[in-house]
Amino acid sequence: MTDLVTGPDGLPRCAWGTSTPDYAIYHDSEWGRPLRGDDALYERLTLEAFQSGLSWLTILRKRPAFRLAFDDFRLDRVAGYDDADLTRLLADAGIVRNRAKIEAAIANARAALALPGGLSALLWSYAPPPRPARIRSFAEVPASTPESTALAKALKKQGFRFVGPTTAYALMQATGMVDDHLAGCHVATAGARDGMGS
């Protein structure tokens, strides 16, 4: 099966999930599993924005430093950041020191707190219906979808930055709004159908 690899442990995985131990852990325990909660989704939204133009592996390996630098991505804390915090973050070698992305992370925390129904409710309202069966190749995975385009537009309207349709789709994949694990992959996600009778 294209893009599916059986690891040393005998478990079939999406090929990217076998390329490094970091990816294997992330693939098996997080990616594609439904995630809810405003702070948790704010973290993933922020990290996806920081990933823009970089390898996800870079962000994954820096995540502990990001969590430390951004107060565990607690919206109420980050929304209150001031110029001193911006200076502190720009000097933090443990994270990606990009002024525009750091400023966006702070602005996005403020925008998220201002949402009447909360960030989680807004994001999940754009989740598409589950596919009838899992995809068989990553060639079938789009860079963006009508839903991710609509989500990016809605976020921008609410004052969010650094969230285009491609980043929005990556967020949907990572947080289980869509299931892009391949047919035959051992990872089970809520409502997943692999098209192979399971």
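Our subject is the structure listed above.
Residues numbered from 1 in each chain as written. Predicted model: local features only at pLDDT ≥ 70, side-chain atom pairs only at ≥ 80, totals over all residues. Heavy atoms only, no water.

### Examining the overall build of the protein chain
Short version of the rule: Only runs of H or I of at least four residues qualify as helices and only runs of E of at least two qualify as strands under DSSP, and these elements are numbered from the N terminus. C-alpha atoms define the radius of gyration, and 2.2 Å times the number of residues to the power 0.38 defines the globule rule. The cut-offs for exposure are 20% and 50% of the maximum accessible area for each residue type, with area from a 1.4 Å probe on protein chains only; residues under the lower value are buried, those over the upper are exposed, and the others partly exposed. We count Lys and Arg on the positive side and Asp and Glu on the negative side, and we leave His and both chain ends out. Here the site of a charge means NZ on Lys, CZ on Arg, CG on Asp, or CD on Glu.
Regarding its fold elements, the protein chain presents 9 helices and 2 strands. Start at the N end of the protein chain and walk to the C end: the helices and strands fall as β-β-α-α-α-α-α-α-α-α-α. Computed over the C-alpha atoms, the radius of gyration of the protein chain is 17 Å, within 12% of the 16 Å expected from 2.2 N^0.38 for a compact globule of 198 residues. In terms of principal-axis extent, the alpha carbons of the protein chain reach across some 55 × 35 × 25 Å. Burial statistics for the protein chain: of 198 residues in total, 45% are counted as buried. Positive and negative side-chain charges of the protein chain, numbering 23 and 22 respectively, have mean locations separated by a distance of 3 Å.

### Quick notes on the state of the cysteines
What counts here: Any two cysteine sulfur atoms within 2.5 Å of one another count as a disulfide.
All chains considered together, the criterion is met by 0 disulfides. Cys185 takes part in no disulfide bond, and the closest cysteine sulfur to it belongs to Cys14, at a distance of 4.0 Å. Judged by relative accessible area, Cys185 falls into the buried class, the value being 6%.

### A word on the layout of surface pockets
Short version of the rule: The way it works is a 1 Å grid over only the protein atoms, where trapped points that fit a 1.4 Å probe form a cavity and open points with protein on both sides within 12 Å along at least five of seven lines form a pocket, and then any residue with an atom within 4 Å of a point lines it. Grid points are joined across faces, edges and corners, and a volume is the space filled by probe spheres set on the points.
Each pocket or cavity is described by its volume, and for the second largest pocket that value is around 260 Å³. What lines the second largest pocket is simply Trp16, Tyr23, Tyr26, Trp31, Glu48, Gln51, Trp56, Phe138, Val141, Ala170, Gln173 and Ala174. Going through the elements one at a time, α1 (21-29), α2 (38-51) and α9 (165-174) are the ones with two or more residues in the lining of the second largest pocket. The greatest single-element share of the lining of the second largest pocket, amounting to 3 residues, is contributed by α9.

### Some thoughts on unusual backbone geometry
A positive phi angle is found at Phe73, which is not glycine, with a value near 60°. Within the secondary structure, Phe73 is located in the loop between α3 (56-69) and α4 (75-78). Phi is positive for Phe162, close to 60°, though the residue is something other than glycine.

### Focus on the pattern of salt bridges
Spelled out, the test is: Salt bridge, as used here: a side-chain nitrogen of Lys or Arg that lies within 4 Å of a carboxyl oxygen of Asp or Glu.
Following the criterion strictly, the structure yields 12 salt bridges and no others. Between Arg63 and Glu30 there is a salt bridge; the shortest N-O distance is 2.5 Å. Placement of the pair is Arg63 in helix α3 and Glu30 in the loop between α1 and α2, with a sequence separation of 33 residues. Taking the shortest distance from any N to any O, the salt bridge between Arg99 and Glu103 comes out at 3.5 Å. Taken as a pair, Arg99 and Glu103 lie in helix α6 (residues 99-114) at a separation of 4 residues, close to a single helical turn. A relative accessible area of 44% places Arg99 in the partly exposed class. What you see here is one network of salt bridges that share partners, running through Asp9, Arg13 and Asp28.

### As for the packing of α2 against α6
Note the cut-off: Axis definition: a line fitted to C-alpha atoms, limited for helices to the stretch in contact. Angles are taken between N-to-C directions and run from 0 to 180 degrees. Any angle from 65 to 115 degrees is called roughly perpendicular, while one under 35 is roughly parallel, one over 145 is roughly antiparallel, and all others are oblique. We call a crossing left-handed when the near helix sits turned anticlockwise from the far one by less than a right angle, and right-handed when that turn is clockwise. Contacts are assigned to residue pairs with any non-hydrogen atoms lying within 4.5 Å of each other. Gly falls in the polar group here, along with every residue not listed as nonpolar (Ala, Val, Leu, Ile, Met, Phe, Trp, Tyr, Cys, Pro) or charged (Asp, Glu, Lys, Arg).
Relative to each other, α2 and α6 sit at 155°, their axes nearing to 10 Å. Judged by the inter-axis angle, α2 sits roughly antiparallel to α6. Crossing hand, α2 versus α6: right-handed. Note on element contacts: α6 touches α2 through Lys101, Ile102, Ala105, Ile106, Asn108 and Ala109, opposite Tyr42, Thr46, Ala49, Phe50 and Gln51. Broken down by class, the residue content of the contact of α2 with α6 amounts to 7 nonpolar, 3 polar and 1 charged.

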